[in-house]
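Fold and contact review
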Amino acid sequence: MWTCPECGRSFKNQNQNHYCGKAPETIGEYIAEQPKMTQLYLKEVWNAIRSALPEAEERISWGMPTFWKEHNIIHFAGSKNHVGLYPGPEAVAEFANRLEGYKTSKGTIRFPYSDPLPLDLIADIARWCYETGRHP
């Protein structure tokens, strides 16, 4: 167990990424709290989804940037080595052929920082989640 010296919370992993104190209230705040390199990728994902879903509300849900319209449509988040996209298991199955080469599991897609982001694919997944009502 590792205990954060700032907030005193205990975690399984050493130097676990977490929020000490008040969690961000907006997607912009969430991104601003991430490492600089991660911010660039998160902004690209944010803009791709925002363009695909202009009518969706932006919020933080489950501690992640979320697009919402009567329900959660899609989430995304920064991790140590990748951007995680959380469209739900049905979306991962629907787009399986276009997701070859990316790690996926239980409704999660990992886009590594070492590769360019497939922004058209991310937008297509977001639209599919919205149009079908299948969401995380």
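Below is a summary of the structure that appears in this document. (Residues numbered from 1 in each chain as written. Predicted model: local features only at pLDDT ≥ 70, side-chain atom pairs only at ≥ 80, totals over all residues. Heavy atoms only, no water.)

Further remarks concern the pattern of salt bridges. Going through the model one piece at a time under the given rule, you end up with 4 salt bridges. Its salt-bridge partner being arginine 50, residue glutamate 58 comes within 3.0 Å of it at the nearest N-O pair. A relative accessible area of 32% means that glutamate 58 is categorised as partly exposed. With its nearest N and O atoms 2.9 Å apart, the salt bridge here joins aspartate 124 to arginine 98. With aspartate 124 in helix α4 (residues 119-132) and arginine 98 in the loop between α3 (89-94) and β7 (103-105), this pair connects stretches of sequence that are 26 residues apart. Because the salt bridges share partners, they merge into one network encompassing Arg98, Asp124 and Arg127. (Salt bridge = Lys/Arg side-chain N within 4 Å of Asp/Glu carboxyl O. Buried < 20%, exposed > 50% of the residue type's maximum accessible area, 1.4 Å probe, protein only. Helix = DSSP H or I, 4+ residues; strand = E, 2+ residues; numbered from the N terminus.)

The next subject is the side chain of threonine 38. Summarising the element assignment, threonine 38 is placed in helix α2 (residues 36-52). You can call threonine 38 buried: its relative accessible area is 4%. Those residues in contact with threonine 38, other than ones at most four positions away along the chain, are Gly78, Ser79 and Tyr113. (Contact = heavy atoms within 4.5 Å.)

Take the pairing of strand β5 (residues 72-78) next. Counting buried positions over the 7 residues of β5 gives 7, a clear majority of the element. One ladder, built from 3 bridges, connects strand β4 (residues 64-68) with β5; its direction is antiparallel. Note that in β5 the partner of phenylalanine 67 across the bridge is isoleucine 74. The turn joining β4 and β5, which pair antiparallel and follow one another in sequence, is formed by 3 residues; a positive phi near 70° is taken by glutamate 70. (Pairing = 2+ DSSP bridges.)

Once that is clear, we can look at the packing of aromatic side chains. The final tally for this structure, using the stated rule, is 4 aromatic pairs. Seen from their ring centres, phenylalanine 95 and tryptophan 128 are 6.1 Å apart, and the 90° between their planes marks the pair as edge-to-face. A residue pair is termed long-range when its members are at least 10 positions apart, and phenylalanine 95 in the loop between α3 and β7 and tryptophan 128 in helix α4 qualify at 33 residues. Take phenylalanine 95 and tryptophan 128: they sit in the same class, and that class is buried. Ring geometry for tyrosine 102 against phenylalanine 111: centres 4.9 Å apart, planes inclined by 75°, an arrangement best described as edge-to-face. On the accessibility criterion, tyrosine 102 (21% relative accessible area) is partly exposed. Taking the ring centre of tryptophan 68 as reference, the NZ or CZ of arginine 59 above it sits at 3.9 Å. (Phe/Tyr/Trp six-rings, centres within 6.5 Å; stacked < 30°, edge-to-face > 60°. Lys NZ or Arg CZ within 6 Å of the ring centre and 35° of its normal.)

So, about the environment of glutamate 90. Within the secondary structure layout, glutamate 90 lies in helix α3. In sequence terms glutamate 90 and proline 35 are 55 residues apart; their C-alpha atoms lie 31 Å from each other.

Turning next to the environment of glycine 133. Locating glycine 133 in the fold gives a position in the segment after α4. According to the relative accessible area criterion, glycine 133 is partly exposed, its value standing at 32%. Separated by 60 residues in sequence, glycine 133 and isoleucine 73 have C-alpha atoms that sit 7.5 Å apart.

Before going further, it helps to examine the sheet that holds β5. Strand order in the open sheet formed by 6 strands is β3-β4-β5-β6-β8-β7, with antiparallel pairing between adjacent strands. Unpaired on one side and paired on the other, β3 (57-61) and β7 mark the two borders of the sheet. The mean inter-strand angle of the sheet, taken between neighbouring strand axes irrespective of direction, is 25°. In terms of strand pairing, β3 meets β4 through 5 bridges, oriented antiparallel. When the bridges of β4 are listed, glutamate 58 appears paired with phenylalanine 67. Of the strands in this sheet, β3, β4, β5 and β6 (82-86) are in contact with α2, which crosses β5 at around 165°. Against the sheet, α4 makes contact with β5, β6 and β8 (108-112), and its axis sits at roughly 150° relative to β5, the strand it touches most. (Axes fitted to C-alpha atoms, helices over the stretch in contact; angles between N-to-C directions.)

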